Amino acid sequence: MSSENLPQSPEQQLRKPRVAVVFGGRSSEHGISVVTAGAVLNAIDRTKYDVLPIGITTDGRWALTADAPERMAIANRTMPDVAQLAESEEGGVVLSVDPGSREVVYTEPGAVPKALGEVDVVFPVLHGPYGEDGTLQGLLELSGVPYVGAGVLASAVGQDKEYMKRVFTSFGLAVGPYLVVRPREWDHDPAAVRKRVTGFADEHGWPLFIKPARAGSSIGITKVEDASGLDAAIEEARRHDPKFLVESLLRGREIECGVLEFEDGPRASVPAEIPPVTAHDFYDFEAKYIDAASGIVPAPLTEEQTAEVQRLAVEAFDACSCEGLVRADFFLTEEGRFVINEINTLPGFTPISMYPRMWQESGVSYQQLVDRLIQAALNRPTGLR
């Protein structure tokens, strides 16, 4: 029997829903996940919900952390870390995989395990592998615990840029030219890979972008002007993911659009434009989070262009069977055509991030956005749906 079908005691009926905010993680986006968690913890209405912050360290330990959003901000261009927030260097949080129980237990070496109570919903703010890619979502499905955002399949597809593009193409969404290099190809015959990549450049032109297949926040991406920079760019991408993509430069404007699930289905926000970033080669991690390069919200588009990108964003949401939220990123080419670059099933969610800014401009405040996502998760069953 799943836990959502279990009868509730009077105490359960009276208490506030408990939200576990899970953050940090093992990916290279650990720090920005902590920053996001701070913003979410600040925004959750404590009169409506109880909150349990759970940080995952870079080595994968689930730690009980302080409920201290003020300690989760970028300081002196340095990202925060779960290890700095953990209440113990060895203690761990355990979530039951029994769907008949949502009990969370805290254990310390040599001490009696301590029950922390039940969790009603998980708000994962993990970016990248081991969190945004369906792995955490699979654990929560096994546990019967509702959670914010996309399910297992959509999370996995949304994390892997190769299969994301394959899904988009199958649904008739336009994508830019790309090629995929798998680990064994580079490991066994790097010369053949270099030949493939230079052939791709002969067809589509330099510069190229070399990027990890399953990473986000523009981490590990290098803009390569000619063949002399290929090996260094490939190694940088492979530091984050042994599979990498090669993409051609699409000349045009970068347009983003948020999608949010409402009771009557997904709706698109006003779009935003990412203008050229003069201090950076492209809109990379430092431009996004350290130097806080800002986008233009709403994007200066015609009514027809706005309606078109909103339609395409919702189509991308549906194509990947997403739930909750998505940020869809497009190029508006010089020919006036929208080409989808990627979606993010757990987009940047800090106060300066584009997704909350687009919804703020659309009439949904950050606090309302967080509340809507929690309520949607509480109302959505786990399992096949």
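Look above for the structure.
Quick caveat: nothing in here was measured; it's all calculated off a predicted structure.

Would you mind showing me how to read the sheet that holds strand β10 (residues 222-224) here?
Each strand in a sheet pairs with its neighbour through backbone hydrogen bonds, running either in the same direction (parallel) or in the opposite one (antiparallel). Taken together, four strands build an open sheet; the order of strands is β8-β11-β9-β10 and the sheet is antiparallel. Looking at which strands have only one partner, the edges of the open sheet turn out to be β8 (178-181) and β10. Between one strand axis and the next, the sheet turns by 25° as a mean value, whatever way the strands run. Bridge analysis of strand β9 (residues 208-212) against β10 gives three bridges, and the strand direction is antiparallel. Its bridge partner being in β10, L208 is matched across the sheet by V224. Across the sheet, helix α9 (residues 230-238) is in contact with β9, β10 and β11 (244-248); its angle to β9 comes to roughly 25°.

Looking at this structure, I do not really get the packing of aromatic side chains. What am I missing?
Two descriptors summarise a pair of aromatic rings, namely the distance from one centre to the other and the angle between the planes of the rings. Using the criterion set out here, one finds six aromatic pairs in the structure. On the basis of an interplanar angle of 80° and a centroid distance of 6.5 Å, the ring pair of W186 and F244 is categorised as edge-to-face. With W186 in helix α7 (residues 183-188) and F244 in strand β11, the pair connects residues that are 58 residues apart, well separated along the chain. Owing to a relative accessible area of 0%, F244 belongs among the buried residues under this scheme. Between F330 and F338 the ring centres are 6.2 Å apart and the planes differ by 80°, which places this aromatic pair in the edge-to-face class. For the pair F330 and F338, one class covers both residues: buried. Between R26 and the ring centre of Y130, over which it is positioned, the NZ or CZ distance is 3.9 Å. We note R267 situated over the ring of F262; from NZ or CZ to the ring centre the distance is 3.9 Å.

What am I meant to see in the pairing of strand β12 (residues 252-262) here?
As paired elements, β12 and strand β15 (residues 325-333) share nine bridges and run antiparallel to each other. Within the sheet, the bridge partner assigned to G252 lies in β15 and is T333. As judged from the three bridges shared by β12 and strand β14 (residues 272-274), these two strands associate in the antiparallel manner. Looking across to β14, one finds that I255 is bridged to E273. In this structure, β12 lies alongside strand β13 (residues 265-268), joined through four bridges in antiparallel fashion. Among the inter-strand pairings, V259 is bridged to a residue of β13, identified as A268. The loop that links β12 with its antiparallel partner β13 comprises two residues.

Quick question: what am I supposed to make of the sheet that holds strand β4 (residues 92-95) here?
The three strands lie next to each other as β4-β5-β6, forming an open sheet whose pairing is antiparallel. For this open sheet the edge positions go to β4 and β6 (114-118), each flanked by a neighbour on one side alone. Adjacent strand axes in the sheet meet at a mean angle of 25°, parallel and antiparallel pairs treated alike. Note that β4 and strand β5 (residues 103-107) share four bridges and pair antiparallel. The residue bridging G92 from the neighbouring strand is T107, located in β5.

Whenever I open this one, the state of the cysteines confuses me. Can you help?
Here is the idea: a disulfide is a covalent bond, and it sits between the sulfur atoms of two cysteines. Scanning the entire structure with this criterion turns up zero disulfides. Distance from the sulfur of C257, which forms no disulfide, to the nearest cysteine sulfur (C322) is 13 Å. In this structure C257 comes out as buried when scored by relative accessible area, which is 0%. There is no disulfide at C322, and the cysteine sulfur nearest it, in C320, is 5.0 Å away. Of the residues examined, C322 reaches a relative accessible area of 7% and is grouped as buried.

Looking at this structure, how should I read the nonpolar core?
General note: in soluble globular proteins, nonpolar side chains tend to be found buried as a group. Grouped together as the largest cluster of nonpolar side chains are 34 residues, with contacts concentrated most on V21, F23, V40, I44, F123, F349 and V370. When residues of this core are traced back to their parent elements, those giving at least two are β1 (18-24), α2 (30-43), α3 (82-85), β7 (121-124), β12, α12 (354-361) and α13 (366-379). Ignoring sequence-local partners within four residues, the contact set of V370 consists of V40, A43, I44, F123 and F349.

Procedures and definitions
- Residues numbered from 1 in each chain as written.
- Predicted model: local features only at pLDDT ≥ 70, side-chain atom pairs only at ≥ 80, totals over all residues.
- Heavy atoms only, no water.
- Pairing = 2+ DSSP bridges.
- Helix = DSSP H or I, 4+ residues; strand = E, 2+ residues; numbered from the N terminus.
- Axes fitted to C-alpha atoms, helices over the stretch in contact; angles between N-to-C directions.
- Contact = heavy atoms within 4.5 Å.
- Phe/Tyr/Trp six-rings, centres within 6.5 Å; stacked < 30°, edge-to-face > 60°.
- Buried < 20%, exposed > 50% of the residue type's maximum accessible area, 1.4 Å probe, protein only.
- Lys NZ or Arg CZ within 6 Å of the ring centre and 35° of its normal.
- Disulfide = S-S within 2.5 Å.
- Core = buried A, V, L, I, M, F, W, Y, C linked by side-chain atoms within 4.5 Å.

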